[in-house]
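Residue-level structure breakdown
Chain residues, written in single-letter form:
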Amino acid sequence: MRDKVTDKPWGGVFREATDRRVELFTESISFDRRLAEQDIAGSKAHAQMLAETGLITRDECLQITQGLDEIGREIAEGRFPFRVELEDIHMHVERALIDRIGDVGRKLHTARSRNDQVATDFRLWVRDAIDTLLSSLRRLQAAFVGRCDRDLDCILPGYTHLQRAQPVSAAHYWLAYCEKFERDRERLLDCRKRVNWCPLGSAALAGTSLPVDRAATARTLGFAGPTANSLDSVSDRDFAAEFLFCLSMTAVHLSHWAEEWIVWSSCEFNFLRLPQGFCTGSSIMPQKINPDVLELIRGKTARVLGALQQILVLLKGLPLAYNRDLQEDKPAVFDAFDTVHSCLELATPLVAGAEINRPAVEERLDRGYLDATTLMEYLILQGVPQRSAHEAVGRLVRAAMDRNCRLVDLPLAVFQEVSPSLDETVREVLGPENAVRRMRSFGSTAPEQVRQQVEIWKKRLETA
């Protein structure tokens, strides 16, 4: 029977019981219970290694494994009791195991510390989270690609400085977001490589004098191998900071997209009709259809960026090796993951369900002189130096603005004032449709280029 002082696994040296206020202040079970699945997987792998190296018997390993499986089921089904005084998920699982199988359960912690245990659990959790996000990002990319065939012939004004610049196909817009989210996937995959190393067996900070096989544990858990330095193994949270940076970039890309669609769905633009199932109304203005989901995606980006800042500040002053400050790494990571994952899961059906308001787009497509750059490049092909062509087209745009007409509507004499060699064929390059068709560079909005990219993306998504 444990007394009040030694009721903790670490309590042997203590003469006083832990103050209840300290228990409440230092507990992490309120959030690290999310590591339960990973903690049990790590413990089973550790027990298997202990049996293989002769530190426990095969029968003891079987008892431990069966006990851990039972605890895992209870946690998954919500039947497991969590208590603040047991501090964290590791002590909860270990105490429950001892209560079930007695002294054999006390052998599980042989050759490990909570320091390497939590580092291993956290890496396993981040690895799982990365795999989840990779799938979510693919689904979002598929939603954008799924729009491309029906929107390929739709021309939208492209913007710089939020001013009309050049015409682009709608499909070109959608694929731009596929590229952004593909970089997010690549970052996550690259981050996963550094996550995927196993600290288990590093013990508290110096390793262990017991004959463990760290490589075997790493293999069992699907890691690339064991970490190489025990001091670094228990203190390293680079992987968490890098993961949060990856999450931050994804959140920023989602915010870019949300901002654009918020603007495009306004009455002033009226380019998009958002699916009403992803909008809300006003409590006082009955006509309102508000893009609240998009606004929250944009707003929740701040939480994710804050989490990255939080962990960088947390890490900046820590000496080797483990410090209790590291307990505070998980809430930021958990919250950032939850936030980005929920945003991705809402973004996908929103992208699939939105409709371009083609009549509104086409009605105003000729505004803004979107074909001016194409006209300049036409003059360049006639042998006019770029700077001279730029100046000449600027004068033509001013002439059209003064007449309140399109470039294509200018009299031929006005064109010939800036370039005498021009004839009526100049009108073949004017207008948004002609400007888009004139494009030819790789990666441009040229119809053939866009069609090729759509097919490339379809194949890429099929093999993902």
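Our subject is the structure that appears above.
Along each chain, residue indices are assigned from 1 in the same order as the chain's sequence is written. The predicted origin of the model limits local features to residues at a pLDDT of at least 70 and limits the giving and counting of side-chain atom pairs to 80 or more, whereas totals for whole chains, interfaces and linings rest on all residues. Each side-chain value is worked out from all heavy atoms of the structure, with water and hydrogens disregarded.

Secondary structure elements follow DSSP: runs of H or I no shorter than four residues count as helices, runs of E no shorter than two count as strands, and numbering proceeds from the N terminus. In terms of regular secondary structure, the protein is built from 19 helices and four strands. The globule rule used for comparison is 2.2 Å times the number of residues to the exponent 0.38, while the radius of gyration itself is calculated over C-alpha atoms. Taking 2.2 N^0.38 as the reference for a compact globule, 464 residues should give roughly 23 Å; the C-alpha atoms of the protein span a radius of gyration of 31 Å, well beyond that estimate. Projecting the C-alpha coordinates of the protein onto the three principal axes gives extents of approximately 105 × 55 × 40 Å. Accessible area is worked out with a 1.4 Å probe on protein chains only. A residue is then buried under 20% of its type maximum, exposed over 50%, and partly exposed in between. Here the protein holds 464 residues, and the buried ones make up 49% of them. Two residues qualify as a contact provided that any one of their heavy atoms is within 4.5 Å of a heavy atom in the partner residue. Taking contacts inside the protein between residues at least 6 apart in sequence as the whole, the part at least 24 apart equals 74%. All accessibility values rest on the Shrake-Rupley procedure with a 1.4 Å probe; residue burial counts only the protein chains present in the view. Of the accessible surface of the protein, which amounts to about 22,400 Å², a share of 52% is contributed by carbon and sulfur atoms. Residues counted as positive are Lys and Arg, residues counted as negative are Asp and Glu, and His and the chain ends are not counted. Charge coordinates come from a single atom per side chain, which is NZ of Lys, CZ of Arg, CG of Asp or CD of Glu. Of the side-chain charges in the protein, 60 are positive and 67 negative, and the distance between the mean point of each set is 0 Å.

With that settled, consider the environment of Ala36. Tracing the chain through its elements places Ala36 in helix α3 (residues 36-52). When the C-alpha positions of Ala36 and Glu242 are compared, they lie 23 Å apart, and in sequence the two are 206 residues distant. Among all residues touching Ala36, those that are not within four sequence positions of it are Ile75 and Ile89.

Relative to the helices and strands, Asp329 is located in helix α13 (residues 329-353). A relative accessible area of 0% means that Asp329 is categorised as buried. At a separation of 2.9 Å, a polar atom in the side chain of Asp329 contacts the side chain of Lys330. For Asp329, the contacting residues outside a window of four places in its chain are Phe122, Arg237, Ile311 and Leu314. Any pair of N or O atoms that falls within 3.5 Å is considered a polar contact. Within protein, one atom must be able to donate a hydrogen and the other to accept it, and sequence-neighbouring residues count only if both atoms are side-chain atoms.

Here we take up the pairing of strand β2 (residues 163-169). Here the rule is simple: two strands pair whenever DSSP picks up at least two bridges between them. Where strand β1 (residues 155-160) and β2 come together, six bridges link them in antiparallel fashion. Looking at β2, one finds that Gly158 is bridged to Gln166.

Mapped onto the fold, Met49 is located in helix α3. Looking at Met49, the relative accessible area reads 3%, which means it is buried. Each C-alpha atom of the pair Met49 and Ala218 lies 9.8 Å from the other, and the pair is 169 residues apart in sequence. Beyond its immediate chain neighbours, meaning those up to four positions away, Met49 contacts Val212, Asp213 and Thr217.

With that settled, consider helix α16 (residues 386-403). Take the residue count of a helix, subtract one, and multiply by 1.5 Å to get its expected span. For α16, which comprises 18 residues, the first-to-last C-alpha distance of 26 Å matches the rise-based estimate of 26 Å (1.5 Å per residue) to within 8%. All buried positions along α16 are accounted for by Ala389, Ala392, Val393, Leu396, Val397, Ala399 and Ala400. Projected down its long axis, α16 carries its buried residues within an arc of 160°, all on one side. In α16, the exposed residues that point more than 90 degrees away from the buried face are Arg387, Glu391 and Asp402. At its buried positions, α16 is contacted by α15 (372-381) and α17 (412-418). Working definition: the arc comes from the directions between the helix axis and the C-beta atoms, pointing outward to the latter.

Along any regular strand the residues' side chains alternate between the sheet's two faces. Counting buried residues along β1, five of its six residues qualify, which places the element largely inside the surrounding structure. Connecting the antiparallel pair β1 and β2 is a turn made up of two residues, with His161 showing a positive phi of about 60°.

Below, the discussion takes up the nonpolar core. For our purposes a nonpolar core is just a set of buried Ala, Val, Leu, Ile, Met, Phe, Trp, Tyr and Cys residues, chained together by side-chain atoms within 4.5 Å. Counting 99 residues, the largest nonpolar core has Phe144, Phe243, Trp257, Trp261 and Trp264 as the members making the most contacts within it. Take this core: its biggest share by element is 15 residues, from helix α11 (residues 238-264). Not counting the four nearest positions on each side in its chain, Trp264 is found in contact with Leu156, Tyr159, Tyr173, Trp174, Phe269, Asn270, Phe271 and Leu272. Counting 24 residues, the second largest nonpolar core, distinct from the first, contains Met376, Leu379, Leu396 and Leu422.

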